[in-house]
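The residues making up each chain are set out below.
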Amino acid sequence: MNATVNENCIGCGLCAGTCPAVFTMGDDGLAHGGEVPPEMLDIAQEARDGCPTSAISIEE
């Protein structure tokens, strides 16, 4: 599974705070996704669902 963050990101950091194993804040002030380990899927989905701009997608 892979998490991606699209151009709707406003850099609030909620995803990185919820699931730092998958989401990081870049030097550009925006969130960046990455590989979602199977044991982190529930938390990554929680971060996706909490995103205020629906900028996160998780796909195989």
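Bear in mind the structure is a predicted one, so any value in this text is a computation, not a measurement.

(A) Quick peek at the overall build of the protein chain. Scanning the protein chain from terminus to terminus reveals two helices and four strands. In the protein chain, the order of α-helices and β-strands from amino to carboxyl end is β-α-β-β-α-β. Expected size for 60 residues packed as a compact globule is a radius of gyration near 10 Å; at 10 Å, the protein chain falls within 12% of this value. If you line up the protein chain on its principal axes, its C-alpha atoms span 25 × 20 × 20 Å. Counting over 60 residues, the protein chain shows a buried share of 28%. Contacts in the protein chain between residues at least 24 apart in sequence constitute 54% of all its contacts with a sequence separation of at least 6. Of the roughly 3,600 Å² that the protein chain leaves accessible, carbon and sulfur atoms contribute 49%.

(B) Structural detail: the nonpolar core. Residues Cys 19, Val 22, Phe 23 and Ala 44 are the most contacted members of the largest nonpolar core, which totals 16 residues. The set of elements that each furnish at least two residues to this core consists of helix H1 (14-18), helix H2 (41-50) and strand E4 (56-59).

Rules used in this analysis
Within every chain, residues take consecutive numbers counted from 1 along the sequence as written. Residue-level local features of this predicted model are given only where pLDDT is at least 70; pairs of side-chain atoms are given and counted only at 80 or more, and the full residue set underlies all totals for whole chains, interfaces and linings. Derived side-chain values reflect all non-hydrogen atoms in the structure, with water molecules and hydrogen atoms excluded from consideration. Where helices and strands are cited, they refer to DSSP runs of H or I of at least four residues and of E of at least two residues respectively, numbered from the N terminus. Both definitions apply: the radius of gyration is a C-alpha atom measure, and the globule rule equals 2.2 Å times residues to the power 0.38. Residue exposure (1.4 Å probe, protein chains only): buried if accessible area is under 20% of the type maximum, exposed if over 50%, otherwise partly exposed. Here a residue-residue contact requires only that any non-hydrogen atoms of the pair lie within 4.5 Å. Residue-level accessible areas treat just the shown protein chains as cover; the underlying method is Shrake-Rupley with a 1.4 Å probe. Joining through side-chain atoms within 4.5 Å is the link that ties buried Ala, Val, Leu, Ile, Met, Phe, Trp, Tyr and Cys residues into a set, and such a set is a nonpolar core.

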